[in-house]
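# Residue-level structural notes
Chain by chain, the residues:
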Amino acid sequence: MKIDHRKLQSRIPGTGDFIKIDNSRCTQCDRCLVICVMNLWKKRGDTVYIVDDYTSHCLECGACAQVCESDAIEFRFPAGGTGIVIEQG
Amino acid sequence: MNEYDIVIVGAGPGGSTAAKEAAEKGLKTIFFERGRKPGNKNSSGTGLGPRLWREFDFMKEINSDDCPSIREGRAARNYMIDNDGKVTGYIMTTPTASVEYEPAKSWITLNCYRSDFDPWLAKYATDAGAELKTSTLITGLLKEDGKVVGVIDEKGEKYRGLVIGADGAVSMVAQQSGLRKRWGQKQVTLTLQYDFECSASKIDDVMGDEALAVWWSATFPAAYQVFFNSSFHIGLGNWMTWWDKNPVHYLNKVINLDYMQRLIRVLEAKPREFQAHLLPWMGTPENTHTDNVILIGDAGGFPCPLEAEGIYPAMVTARAAIDAAAEAISAGDTSKDFLSIYDMKWKATSVGEDFKSGPELQSIWMALPFSPRKSMSWFVPMFMEILGGIIDWSEPHPVRIRQIARSLKKYLPQAVPFIMQEVLPLLTSVLGEEKMEMLTDPAKLMAEMPEIQEAMMQAFMDAPKEED
């Protein structure tokens, strides 16, 4: 059974970034790439980055910042009333 | 400036309970929710344990008009999955004869979506007079002379009062008050789950009174399945140190078990929503408060150390926090020192009782169900050798008993260290060292049980004498 889990969400679009990476702090441990269930972290050469349209996919779990021991990832929640809406949680 | 006695960040089960208790004590209270309504941002296992009904009278009022997702059930099913991903057996359990009170005698959990439960609970707080502000993200703590005196929302609006951090695993309050930058990687898990929709009558027919199932496995960390009125969750989690592949890989392993696929077909179930969240899970909550700040529920690290039940501890610690806050406010002292009464208060609750053996409980869960390759790979076949071996007609029964005994011997190199490292420390913590010593010292054990001594004596006396 193939489930496209990336399509199984509702959200209210918001504006503004709520996740940032400071590449000067990143040690390329790649934990964020492994842990993100929506596969929003990518690596090009030696640079880890988050995909441009992450605000349309992020589940706001905060796992990326939790595993980032080098404090490179800054995570806060999107503006009140926007972002993921969990209807059957 | 908006002046309050109590300012609560978060309107989940902890935040709403705190708001209700505070308002009932006559404290001027506000609580904030970043979603458009409480529950909008929450997913969880959502099993409400019977202890909630013993602790909170209003739980008796929960009903399926307000919360249509409700399903309660008396049975839990435990599937055993071997190294090849096959279900090799299952056991259904119901409340045992030693369970002492209602509703625990009637059912093990009542399952209810957070999108139903959280707004239902928040209404008790607003009815009691607490003010709820939704669609509002609290972005910072208001500080004076380096000390927290309130919170600031995303629009710069300030709210003054004693701050209750009920803002979950990723707690801004914990971070900005200096209580914690982030969790240790073995203090928090990532939990992900699918919601499947299906008809209520199918669940009634196929699952009967089963409210939940645990899929104990050698190929993925123990997964849970929770049945609602016309849907179910299937999910799993593990500590942040465990994941070697994307967590979705492991969840899809559960979904794609032949047995699960058959169940999905029979229930005519369809995947509807995918959710993920961090779930704090630790042996000992620490740094629970500081000057003018108290952390409750997930924000304070209070989910049960054994299996991470979160709603009950959130509501119990909320009550303890408001008790402590009310005393602090009336004494005119909300310093960290004074607020240490919070630790005394929650430790005196049933949540505190769980954490008395917290490190041992967490450790055994980490070592067994959440170590599928290391532990469940021998535990499942060993367990099933005993269970499955008894119901077997392949040989005469005495031959089978000897075969099973021989087979069990090969698991001893794994089972014995596990018992020494995990089971004995847990038993010592639960029973106390004195009783434990009695159990492990044959002479003391005999002294406590004269009839065994008698039987042993007779067995030896009756035994044929050694030949010279």
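### Here we look at the overall build of chain A
Summing up its helical and strand segments, chain A has two helices and six strands in all. For chain A, the sequential pattern of α-helices and β-strands runs β-β-α-β-β-α-β-β. Computed over C-alpha atoms, the radius of gyration of chain A comes to 13 Å, within 12% of the 12 Å expected from 2.2 N^0.38 for 89 residues, which places it in the range of a compact globule. Viewed in the frame of its principal axes, chain A has a C-alpha envelope of about 35 × 35 × 20 Å. Buried residues in chain A amount to 48% of all 89 residues.

### Remarks on the nonpolar core
All names here are of chain B. Counting 69 residues, the largest nonpolar core has Tyr-194, Trp-215 and Phe-274 as the members making the most contacts within it. Of the residues that make up this core, three or more belong to each of domain 1 (2-68 + 112-183 + 282-356) and domain 2 (71-110 + 188-279). The contacts of Trp-215, once residues within four sequence positions are left out, are Tyr-79, Ile-81, Val-87, Phe-220, Ala-222, Ala-223, Gln-225, Ile-234, Leu-257, Tyr-259, Met-260 and Leu-263. Counting residues in each nonpolar core, the second largest holds 52 residues, with Trp-53, Cys-112, Phe-117 and Tyr-124 among its members.

### Considerations on the pattern of salt bridges
Pairing is possible between side chains of opposite charge, provided their charged atoms come close. Residues and elements named next belong to chain B. Overall, the coordinates contain 29 salt bridges over all chains when judged by the stated rule. Here Glu-3 and Arg-160 are joined by a salt bridge, their closest N and O atoms 3.9 Å apart. Of this pair, Glu-3 sits in strand S1 (residues 2-9) while Arg-160 sits in strand S11 (residues 158-165), placing them 157 residues apart in sequence. Between Asp-204 and Arg-71 there is a salt bridge; the shortest N-O distance is 2.9 Å. Highlighted residues: Asp-204 in helix H5 (residues 200-207) and Arg-71 in strand S4 (residues 71-73), separated in sequence by 133 residues. Residue class for Arg-71 comes out buried when judged on its relative accessible area of 9%.

### Considerations on the packing of aromatic side chains
What characterises a pair of aromatic rings is the spacing of the ring centres plus the angle enclosed by the ring planes. The tally for this structure, following the rule as stated, stands at 37 aromatic pairs over all chains. Judged by centre distance (5.5 Å) and plane angle (55°), the rings of Phe-227 of chain B and Phe-232 of chain B are tilted. Each member of the pair, Phe-227 of chain B as well as Phe-232 of chain B, is classed as buried. Among the aromatic residues, those joined into a ring-pair cluster are Phe-56, Phe-58, Phe-117, Trp-120 and Tyr-124 of chain B. Across the ring face of Tyr-49 of chain A, the terminal group of Arg-44 of chain A is positioned such that the distance to the ring centre comes to 4.5 Å. Across from the ring centre of Phe-77 of chain A, 3.6 Å away, lies the NZ or CZ of Arg-34 of chain B, which sits over that ring.

### Considerations on the interface of chain B and chain A
Chain B puts 51 residues into the contact, and the matching count from chain A is 40 residues. Approximately 3,600 Å² of surface area, both sides summed, lies buried where chain B meets chain A, with 52% of it carried by carbon and sulfur atoms. Taken together, the connections running from chain B to chain A amount to five salt bridges. The tally of links between chain B and chain A comes to 29 residue pairs in polar contact (both at pLDDT 80 or more). When residues of the side of chain B that touches chain A are assigned to their parent elements, the largest contribution, eight residues, is made by strand S16 (residues 270-280) of chain B. Broken down by class, the residue content of the side of chain B that touches chain A amounts to 19 nonpolar, 20 polar and 12 charged.

### Remarks on the pairing of S1 of chain B
Residues and elements named next belong to chain B. One ladder, built from six bridges, connects S1 with S11; its direction is parallel. Across the sheet, the residue bridging to Ile-8 is Ile-164, located in S11. Considered for its hand, the β-α-β crossover made up of S1, helix H1 (residues 13-24) and strand S2 (residues 29-32) is right-handed.

### With respect to the packing of H5 of chain B against helix H7 (residues 258-267) of chain B
Each pair of packed helices can be summarised by the angle the axes make with each other and by the distance between the axes. Residues and elements named next belong to chain B. Remark: H5 packs on H7, axes separated minimally by 9 Å, with the N-to-C direction vectors making an angle of 130°. Considering their axes alone, H5 and H7 lie oblique with respect to each other. On the side of H5, the interface is formed by Lys-202, Ile-203, Val-206 and Met-207, while H7 contributes Leu-263, Val-266 and Leu-267. For the contact of H5 with H7, the class distribution of residues is six nonpolar, no polar and one charged.

### A look at the sheet that holds strand S3 (residues 47-48) of chain B
The pairing of strands in a sheet comes from backbone hydrogen bonds and takes either a parallel or an antiparallel form. Residues and elements named next belong to chain B. If you trace the three strands from one edge of the open sheet to the other, you get S3-S7-S4, paired in antiparallel fashion. Since the sheet does not close on itself, it has two edges, and those belong to S3 and S4, each with one partner. Sheet analysis places S4 next to strand S7 (residues 109-111), joined by three bridges and oriented antiparallel. Residue pairing across strands places Arg-71 opposite Asn-111, the latter belonging to S7.

### Concerning unusual backbone geometry
Residues and elements named next belong to chain B. For the peptide bond that leads from Glu-102 to Pro-103, omega is 5°, which places it in the cis range. By the secondary structure assignment, Pro-103 is in the loop between strand S6 (87-93) and S7. Positive phi, close to 50°, is recorded for Ser-135, a residue that is not glycine. Along the polypeptide, Ser-135 turns up in the loop between strand S8 (131-133) and strand S9 (138-144).

### A few points about a nonpolar patch on the surface
Residues and elements named next belong to chain B. A contiguous nonpolar patch, built from Ile-386, Ile-390, Ile-391 and Trp-393 and spanning about 510 Å² of accessible area, is present on the exposed surface. With respect to the secondary-structure elements, Ile-391 resides in the loop between helix H14 (372-390) and helix H15 (397-409). Using a relative accessible area of 57% as the deciding quantity, one classes Ile-391 as exposed.

Rules used in this analysis
- Residues numbered from 1 in each chain as written.
- Chains lettered and ligands numbered in written order.
- Predicted model: local features only at pLDDT ≥ 70, side-chain atom pairs only at ≥ 80, totals over all residues.
- Heavy atoms only, no water.
- Helix = DSSP H or I, 4+ residues; strand = E, 2+ residues; numbered from the N terminus.
- Rg over C-alpha atoms; globule rule 2.2 N^0.38 Å.
- Buried < 20%, exposed > 50% of the residue type's maximum accessible area, 1.4 Å probe, protein only.
- Core = buried A, V, L, I, M, F, W, Y, C linked by side-chain atoms within 4.5 Å.
- Domains from an automatic or database assignment.
- Contact = heavy atoms within 4.5 Å.
- Salt bridge = Lys/Arg side-chain N within 4 Å of Asp/Glu carboxyl O.
- Phe/Tyr/Trp six-rings, centres within 6.5 Å; stacked < 30°, edge-to-face > 60°.
- Lys NZ or Arg CZ within 6 Å of the ring centre and 35° of its normal.
- Buried area = accessible area lost by both parts, 1.4 Å probe.
- Polar contact = N/O pair within 3.5 Å; in protein donor to acceptor, adjacent residues only side chain to side chain.
- Nonpolar A, V, L, I, M, F, W, Y, C, P; charged D, E, K, R; others polar.
- Pairing = 2+ DSSP bridges.
- Right-handed = clockwise from strand over helix to strand, strands pointing away.
- Axes fitted to C-alpha atoms, helices over the stretch in contact; angles between N-to-C directions.
- Parallel < 35°, antiparallel > 145°, perpendicular 65-115°, else oblique.
- Patch = residues over 30% accessible without salt bridge, like charges linked within 9 Å, V, L, I, M, F, W, Y side chains within 5 Å.
- Areas by Shrake-Rupley, 256 points an atom, 1.4 Å probe, with all protein chains shown as cover.

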